[in-house]
Amino acid sequence: MSNNHPSTSILKPALIALGIAGFGIAADYSLRAAGRVLFGLTEGPKGGWIDDPEELDGREWDYVIIGGGTAGCVLASRLSEDPNVRVLLLEAGISDTKVIETRIPVAFSQLFKGKHDWSIDTEAQPGCAGRKMWWPRGKLLGGCSSVNAMMFNYGVVSDYDEWAKISGSDDYSYASMEPYFKRIHTFTPNPLWPGVDPAHRGDKGLLQIGYSHIEETALRFIDACENIGIKKVSDINTPTSRVGISRTASYIDQRGRRSTANTAYLPASVLARPNLVVATRMHVTRIIFGQEDGAQPRAVGAEFARKCGGKRYTVRASKEVLLTAGAVHTPQLLQLSGIGSAAHLKAHGITPVVDLPSVGQSLTDHTAVNAYFQSRSSLDYISTKLKALMSGALFTWARAEGGPMASNVSEALGFLRTCDDQKLFPEDQYPEKIEDTSSGDGSPDTELIVLPLGGYYHGLWAQGIGYAPKVPTFQMMCINLRPVARGSVTLRSSNPFDPPVVDPNYLSNAHDVAIHVRSFQLLLRIAQTEPLKSHLVLDAADPDGQLDHLAHTKDRAEIERIVRERCETLYHPCCTARMAPEEEGGVVDAEMKVHGVRGLRVCDASIFPSIVSGHTAAPVFALAERLSDMLRGRAEWK
């Protein structure tokens, strides 16, 4: 593949049509104008949302869903299929169909730290050189499915068999969950990546799954991994594909657009249902409980506001309140509503409804460490707003012809066992013993991902934040899939507009450090392996000290220092309202009901009994489909 670009002269008529001069494009990101004016892209369905809280105040629905993210969109769509069931979905952001960057796969980092991002800062992490971490969280109808790297992967069989054991219910075993993984999606084969068995893929689901753009560097990475002993597999999402290297399947439609929870589950035809109301820009401040003599408290509605200090509004739920606010905001909202550690709530002046100390505890996340190299080709050339237009890549994408704008950025991935793979890590060269924390025999503890660009600090350099690469850059990352570290999400104050205190406790133990040190060393070996090696410029000068061309010469102590200085989130926080018995640290039971109250269920990544050895979006989609079956009394959930 080449990075030759069409002459900008052919774009001049387009720029004139847009009525803006060259450098003015960068100011407002002409993706919007170019897409809507030149290529007929729209902002999504006209109407279908309520944006005035006065229209909701005091009204009643059967189900009130809090949070229009991955699970919330699924539940709103599925429950409202029954015309006799009234459903209200409350979302703090706007619809992702109004934000064209959510349609363009490669553009998701343009939304980071903006108005469509909750932009969470963690507490300083002693294990990570004292740095505060930053977590993007989608503040949109569509949630994190609108701002993530679109990676369709859901872990391995033993992850879900572990869920069944922890939850005490076989409904969460892999055998029970696999039909839901198929139900959620429709797979489109790609002739350039054959060998995917359609028996393991869905053909009637609402989400669109396929293979997006891939750069030559990513293909060379796959072959290099195979050459050092990681087997190449056509489909990493099968019951037998526990380890291996593969191309990334992504949430993408046949026109090269991102497929999100919102676009898939809440199209115009669904929004037109008279029994469904989707309300945007509604910030829920607490869940309302009623109390009957001698009975458990019951969730009867929700309170919300437009802004901090603004008027509070209420809605009621005749059946149940469904909390789908995500692994950060679900535990925050439970605590604001009086469910959590009684001592913690009282310290913030909140009257406890249920003393449930596990709320906000057991926070688990995948951590990633990046390695950077100069490459002979890179997608850095489309990482800024002006360059994306001037290269012609935007126009190619807008004509539904794919191209680099259809890249999900994380173009290839691999799974392996760092703890005991003797082929990759022979004991005479890697004598350090590392505990096996995987979910089962032969299951992975490490993931590798490749990015054909320099994603320094979450790719925010394209917005002028942090180090900007000065040469075409290639990036690899190693991920700890089964960390030992556990953190917490607690209240900063009783003000629902204050962000919570998030402490992931990264690299707080020897195991998590050892996994990253060993897997980072593996990345350095891959970089020195053909056919990738000859595509990198490993003898290039590095005056800024930002490349890892000589990192393979460093000793363990130096590698550990790199790990601690570079460790970041892979954006997979979970387990903060775990599905488990209350006495074992659970917040919800096997029917997703919150312990100690009635009429309240949780469905999002916060209820994961344990972190999966893969990506978290697909499991959330599957859990939401399962809960919708449960609530509708459909036999499929059993």
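Residues numbered from 1 in each chain as written. Predicted model: local features only at pLDDT ≥ 70, side-chain atom pairs only at ≥ 80, totals over all residues. Heavy atoms only, no water.

**Student:** Please provide a residue-by-residue account of helix α10 (residues 326–336), values included.
**Tutor:** Taken across its 11 residues, α10 has 10 buried, putting it largely inside the fold. Along α10, the residues classified as buried are Ala327, Val328, His329, Thr330, Pro331, Gln332, Leu333, Leu334, Gln335 and Leu336. Phi turns positive one or two residues past the end of α10, at Gly338, with a value near 100 degrees. (Buried < 20%, exposed > 50% of the residue type's maximum accessible area, 1.4 Å probe, protein only. Helix = DSSP H or I, 4+ residues; strand = E, 2+ residues; numbered from the N terminus.)

**Student:** Go over the pattern of salt bridges, please, and point to the residues and values.
**Tutor:** Scanning the entire structure with this criterion turns up 31 salt bridges. Here Arg131 makes a salt bridge to Glu568, at a shortest N to O gap of 3.2 Å. Pair noted here: Arg131 is in strand β6 (residues 131–135) and Glu568 is in strand β24 (residues 568–569), with a separation of 437 residues, a long-range link. Note on Arg131: relative accessible area 22%, which makes it partly exposed. A relative accessible area of 13% places Glu568 in the buried class. (Salt bridge = Lys/Arg side-chain N within 4 Å of Asp/Glu carboxyl O.)

**Student:** Give a detailed account of the sheet that holds strand β21 (residues 473–480), specifying residues and quantitative values.
**Tutor:** In spatial order, the strands read β10-β19-β20-β21-β18-β24; together these 6 strands make up an open sheet with antiparallel pairing. Where the open sheet ends on each side, the last strands, each with one partner, are β10 (244–247) and β24. Seen against the sheet, helix α7 (residues 216–228) touches β10, β19 (412–416), β20 (446–451) and β21 and runs at an angle of roughly 160 degrees to β10. The strands that helix α14 (residues 510–527) touches are β18 (367–374), β19, β20 and β21; relative to β21, the one it contacts most, it runs at about 150 degrees. (Pairing = 2+ DSSP bridges. Contact = heavy atoms within 4.5 Å. Axes fitted to C-alpha atoms, helices over the stretch in contact; angles between N-to-C directions.)

**Student:** Go over the environment of Leu79 with me, naming the residues and quoting the values.
**Tutor:** The residue Leu79 is located in helix α4 (residues 70–79) in this model. Once residues lying within four places of it in the same chain are set aside, the contact partners of Leu79 are Tyr63, Val85, Val87, Leu322, Ser628, Leu631 and Arg632.

**Student:** Any details on the pairing of β10? Residues and values, ideally.
**Tutor:** Side chains Gly244 and Ser246 of β10 all project onto a buried face; the interleaved residues Ile245 and Arg247 project onto the opposite face, where all are buried too. Alignment of β10 against β19, held across 4 bridges, turns out to be antiparallel. Bridged to Gly244 within β19 is Phe415.

**Student:** Give a description of the packing of aromatic side chains that names residues and reports values.
**Tutor:** Enumeration according to the criterion identifies 17 aromatic pairs in this entry. Between the aromatic rings of Phe112 and Tyr571, the centroid separation amounts to 6.4 Å while the plane-to-plane angle is 50 degrees, which identifies the pairing as tilted. Taken as a pair, Phe112 in the loop between β4 (94–95) and β5 (120–125) and Tyr571 in the loop between β24 and β25 (600–602) lie far apart in primary sequence, 459 residues in all. Ring geometry for Phe425 against Tyr430: centres 5.2 Å apart, planes inclined by 90 degrees, an arrangement best described as edge-to-face. Residue placement shows Lys139 over the ring face of Trp118; its charged tip is 4.6 Å from the ring centre. Just above the ring of Trp397 sits the side chain of Arg257; from NZ or CZ to the centre is 4.3 Å. (Phe/Tyr/Trp six-rings, centres within 6.5 Å; stacked < 30°, edge-to-face > 60°. Lys NZ or Arg CZ within 6 Å of the ring centre and 35° of its normal.)

**Student:** Any chance you could break down the pairing of β21 for me, citing the residues and the numbers?
**Tutor:** Burial runs high along β21: 8 of the 8 residues are buried. Side chains Thr473, Gln475, Met477 and Ile479 project from β21 onto one buried face, and the interleaved Phe474, Met476, Cys478 and Asn480 project onto a second face that is buried too. In terms of strand pairing, β18 meets β21 through 8 bridges, oriented antiparallel. Each bridged residue has a counterpart across the sheet, and for Thr367 the counterpart in β21 is Asn480. Of the pairings in the sheet, the one linking β20 to β21 comprises 6 bridges and is antiparallel in character. In the strand pairing of β21, Thr446 is matched with Asn480.

**Student:** An account of the packing of helix α5 (residues 157–167) against helix α6 (residues 174–183) is requested, with residue identities and associated values reported.
**Tutor:** Where α5 contacts α6, the two axes come as close as 8 Å, and the packing angle between them is 120 degrees. Regarding the angle of α5 to α6, the classification is oblique. Of the residues in α6, those touching α5 at Val157, Tyr160, Asp161 and Trp163 are Tyr174, Met177 and Phe181. (Parallel < 35°, antiparallel > 145°, perpendicular 65-115°, else oblique.)

**Student:** Any chance you could break down the nonpolar core for me, citing the residues and the numbers?
**Tutor:** Counting 177 residues, the largest nonpolar core has Leu56, Leu90, Phe221, Leu266, Met476, Ile526 and Leu600 as the members making the most contacts within it. At 10 residues, helix α16 (residues 617–632) tops the list of elements feeding residues into this core. Excluding its chain neighbours within four sequence positions, the residues that come into contact with Ile526 are Phe221, Ala224, Cys225, Ile228, Leu448, Met476 and Leu532. (Core = buried A, V, L, I, M, F, W, Y, C linked by side-chain atoms within 4.5 Å.)

**Student:** Let's hear about unusual backbone geometry: which residues, and what values?
**Tutor:** Note the cis peptide between Glu530 and Pro531, where omega equals 5 degrees. By the element assignment, Pro531 lies in the loop between α14 and α15 (556–566). Unusually for a residue other than glycine, Ala129 sits at a positive phi of about 60 degrees. What makes Ala129 exposed here is its relative accessible area of 53%.

**Student:** I'd love a proper account of the confidence of the model for the protein chain, names of residues and values included.
**Tutor:** Considering every residue of the protein chain, the mean pLDDT works out to 90; 90% of them sit at 70 or more. Segment residues 1–31: pLDDT under 50, and 51 contacts once partners within four positions in sequence are set aside and those in other chains are kept. Confidence drops under pLDDT 50 across residues 33–47; counting only partners more than four residues distant or on other chains, this segment forms 35 contacts. (pLDDT = per-residue confidence, 0-100.)

**Student:** Can you explain α6? Please cite residues and give values.
**Tutor:** Buried within α6 we find Tyr174, Met177, Glu178, Tyr180 and Phe181. Within α6, the buried residues cover an arc of 165 degrees as seen down the axis, which keeps them to one side. Close packing links the buried residues of α6 with α5, β8 (185–187) and α16. (Arc of directions from axis to C-beta.)

**Student:** How would you sum up the packing of α4 against α16? Please name residues and give values.
**Tutor:** The angle between the axes and the distance between the axes are what describe a pair of packed helices. Contact pair α4 / α16: the axes reach a minimum separation of 9 Å and the direction vectors enclose 30 degrees. Comparing the axis directions of α4 and α16 gives the class roughly parallel. Regarding α4 and α16, the two cross each other, and that crossing is right-handed. Across the interface between the two elements, Thr70, Ala71, Val74, Leu75, Arg78 and Leu79 from α4 touch Ala617, Val620, Phe621, Ala624, Glu625, Leu627, Ser628, Leu631 and Arg632 from α16. A per-class count over the contact of α4 with α16 returns 10 nonpolar, 2 polar and 3 charged. (Left-handed = near helix turned anticlockwise from the far one by under 90°. Nonpolar A, V, L, I, M, F, W, Y, C, P; charged D, E, K, R; others polar.)

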